[in-house]
Amino acid sequence: MSPQLPPVVPAVTAELVAALSPRLRKRLDSGIAKLADRPVVRDGAVVRIAVDDDTDLELHAPDGAVRGADAVRCGCLLAPDCLHRAAAASLAPVAEDTDSAAPQDRSAAEEDTAQAPETVTPEQRAAVRAVQLATSAVLEAGTDGAGAVLQAELLRAAHTARLAGLHRAAATAVSVVTALRAARAADPAYHLTELAAGLYDVLSVAHRLPSASGGELTALRGTARQPYRPDGSLRLYGLFSEPVLTASGYAGAVTWTADAEGRLYQVSDVAPGGAGRAVGAADRTVRIGDTALTHRELARAGLAVSGATVSPTGRLGAGAGVRAVRAPGAGWHEEPVARLWAEPVPDQIARALAGGRDLLFLDVTLTGTAAETAGDCLLAEGAGVPLRLTAAHDDPALPHRDNLRLLSAAPGTRLRVVARLTPAPHPRAQLLAAEHPTRADTRLDIGLDRLQGADLPTTTAAAAAAATGSVPVSASPSDEAPIHLLRRRVHQAVSGGRPVLALPGDTRADARQLRRSGLTTAAELLTDLHSAAADRAHDVFGRLRPTDPDRFARAWLAAAHYTRELDRTLCLAAWTP
């Protein structure tokens, strides 16, 4: 996926792919691969791709995104019925809602006041069924088989869902397409667990919505935008900044602040871009009021805001009526900020698992490092349990991994940190910010500030150099509990599709091990998942009937739901000393 291309709204991609002949559809994935290697130049709001020496393809994005099929123009002889237009739309990032990427202020009076029906409408039933079928087809094919045609079908279903008022299903379906593209392009930002979570969310909403009512139906429908409501005057204290770098082509920074009661607020600067924008956004002036503070400065200072507007998730608006001036900050060991670390860790975990904020405020002692398949992690003791602190981003332009590697060379160092919970059967979190290991009252934004060997305690300076060359390997983590036998199959289905689970093999040994561990339901779900994958009935002439993607999707959803809920239970237990 080229970060130079402007994002394209889902309906445009779906329209261009649907217009292709069957012959051209078969060539679409190879056409995308060829187009990805062609030169790209930007001229204002127009991006040009050199299809060949004599032909250009243009994407017109006057407001930053391509919003109509006629905005994708090709100069080849077969245009507008050529392969190039659909390939370019499929290669470009999927356009996100304005609210997701760069929120704008909206008062309560500006919100849509129309009352949604109290029950699911026929139009919504049809739309969610289309999403369910398209998602099931993606799951059936796996990442290797879910090419541009299947992606376009899911984008079309997402567009239909959005028109029907099913905003949650639409947004999650788009995120699945983004993750699929990242997987097929071997994007370092891609994570199998995130794609699996996206597929689970889409199928779960599609399964529950037809029979939902009341508050559950409202939550499953979702909202078109995040309304910003007036919140009067706020006195905020900076906590830390983190870079934002998404697989969908957005980048920037978010600075977290807290008020005197411990409520968290964010100031964001996220827009289309790559790692360079994520690195540079920290030194941009925050877009709120007349303050000249940068994100990096705000993370260590304070802010007095009047006429504040705030989204339900705590994001501060930047409307014309908002005023903000710099104010003194507070250290992590000073009130009112210190109260964030005073909350018992199990209470923080329980809130995060219940859908609340996922930030953890921990006091830890560094103990070393461990090598894992996804990369090295930092070992520490905190809240009476051993925990693993991982990198929030793998992009080499960001210093996450280098900082973790250096910190691992300072065992015994006590630090106050901020991390983001990673639900797992063992204590695990992404390290976002920490105290400086040798400078009192100095904070480090792990994704923005780059540590040096000289920053470590002198007794570990020599070890810091060694840490860049070799990393000790620890024993396998505690997540190798029997539930991994089912979780592994859930993830295999996402990457390889139904055919991988349909391969001949004896699953009875795994089922027996799950039963011996008391996980009888897991054993039954594993057996049913393999049975659904291998179910190929014959007709009266002995020919194989088509597979039933619905049955396979239901079996996968049940297995994914079970592992998800069990992982949550094990996670909470693991964080409780």
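See the structure shown above.
Scope of this entry: the structure provided in the associated data block.

Scoring rules and cut-offs
Residues numbered from 1 in each chain as written. Predicted model: local features only at pLDDT ≥ 70, side-chain atom pairs only at ≥ 80, totals over all residues. Heavy atoms only, no water. Helix = DSSP H or I, 4+ residues; strand = E, 2+ residues; numbered from the N terminus. Contact = heavy atoms within 4.5 Å. Buried < 20%, exposed > 50% of the residue type's maximum accessible area, 1.4 Å probe, protein only. Phe/Tyr/Trp six-rings, centres within 6.5 Å; stacked < 30°, edge-to-face > 60°. Pairing = 2+ DSSP bridges. Axes fitted to C-alpha atoms, helices over the stretch in contact; angles between N-to-C directions. Core = buried A, V, L, I, M, F, W, Y, C linked by side-chain atoms within 4.5 Å. Parallel < 35°, antiparallel > 145°, perpendicular 65-115°, else oblique. Left-handed = near helix turned anticlockwise from the far one by under 90°. Nonpolar A, V, L, I, M, F, W, Y, C, P; charged D, E, K, R; others polar.

1. What about the environment of Ala86?
Phase 1: Relative to the assigned elements, Ala86 resides in helix α4 (residues 83–91).
Phase 2: Residues Ala86 and Ala14 lie 72 residues apart in sequence; the distance between their C-alpha atoms is 8.5 Å.
Phase 3: Ignoring any residue separated from it by four or fewer positions in sequence, one finds Ala86 in contact with Leu16, Val17, Leu20 and Leu28.

2. Regarding unusual backbone geometry
Phase 1: In this structure, the amide linkage connecting Ala79 to the following residue, Pro80, adopts the cis form with an omega of 10 degrees.
Phase 2: Along the chain, Pro80 falls in the loop between β4 (72–74) and α4.
Phase 3: A cis geometry characterises the amide bond from Glu335 onward to Pro336, with omega recorded as 5 degrees.
Phase 4: Mapped onto the fold, Pro336 is located in the loop between β11 (323–327) and α13 (339–342).
Phase 5: In this model, Ala186 sits at a positive phi of 55 degrees, which is unusual for a non-glycine residue.
Phase 6: The residue Ala186 is located in the loop between α8 (167–184) and α9 (192–208) in this model.
Phase 7: By relative accessible area, Ala186 is classed as exposed at 64%.
Phase 8: The phi dihedral of Ala383 is positive, around 55 degrees, even though this residue is not glycine.

3. Details of the packing of aromatic side chains
Phase 1: A full pass over the atoms with the stated rule returns 3 aromatic pairs.
Phase 2: Between Trp332 and Trp341 the ring centres are 5.0 Å apart and the planes differ by 35 degrees, which places this aromatic pair in the tilted class.
Phase 3: On the basis of relative accessible area, Trp332 is assigned to the buried category, the value being 3%.
Phase 4: Consider the rings of Trp341 and Phe361, whose centres lie 5.0 Å apart with planes at 75 degrees: the pair is edge-to-face. Placement of Trp341 in helix α13 and of Phe361 in strand β12 (residues 359–372) is noted, with a sequence separation of 20 residues between them.

4. Regarding the side chain of Thr257
Phase 1: In this structure, Thr257 sits in strand β7 (residues 250–258).
Phase 2: Apart from residues no more than four positions distant in its own chain, Thr257 is found in contact with Leu236, Tyr237, Gly238, Leu239, Arg263, Leu264, Tyr265 and Leu298.

5. So, the sheet that holds strand β3 (residues 56–60)
Phase 1: The strand order β1-β2-β3-β4 describes an open sheet built from 4 strands, whose pairing is antiparallel. The sheet is open, and its two edges are formed by β1 (40–43) and β4, each paired on a single side. Sheet twist, expressed as the average angle between the axes of neighbouring strands with direction ignored, equals 20 degrees.
Phase 2: Helix-sheet contacts for α4 involve β2 (46–50), β3 and β4, and the interaxial angle to β3 is about 50 degrees.

6. Here's the deal with the nonpolar core
Phase 1: Formed by 62 residues in total, the largest nonpolar core has its most connected members in Leu139, Leu199, Leu486, Phe552, Trp556 and Tyr562.
Phase 2: By size, the runner-up hydrophobic cluster in this structure holds 36 residues, among which are Val47, Val72, Cys82 and Ala88.

7. Some thoughts on the packing of helix α20 (residues 520–534) against helix α21 (residues 549–574)
Phase 1: Relative orientation of the contacting elements α20 and α21 amounts to 155 degrees, with a least axis distance of 9 Å. Judged by the angle between their axes, α20 and α21 are roughly antiparallel. Our pair here, α20 against α21, has a crossing hand that is left-handed. Residue-level contacts link Thr521, Ala522, Leu525, Asp528, Leu529, Ser531, Ala532 and Ala533 of α20 to Arg551, Phe552, Ala555, Trp556, Ala558, Ala559 and Tyr562 of α21.
Phase 2: Residues belonging to the contact of α20 with α21 are distributed by class as follows: 11 nonpolar, 2 polar and 2 charged.

8. Let's talk about the sheet that holds strand β9 (residues 302–306)
Phase 1: Strand order in the open sheet made by the 5 strands is β8-β7-β6-β9-β11, with antiparallel pairing throughout. Strands at the two margins of the open sheet, each flanked by one partner only, are β8 (264–272) and β11. Averaged over neighbouring strand pairs, the angle between their axes works out to 35 degrees when direction is ignored.
Phase 2: In the sheet, strand β6 (residues 234–245) pairs with β9 via 4 bridges, with the strands oriented antiparallel. The residue of β9 that forms the bridge with Tyr237 is Gly302.

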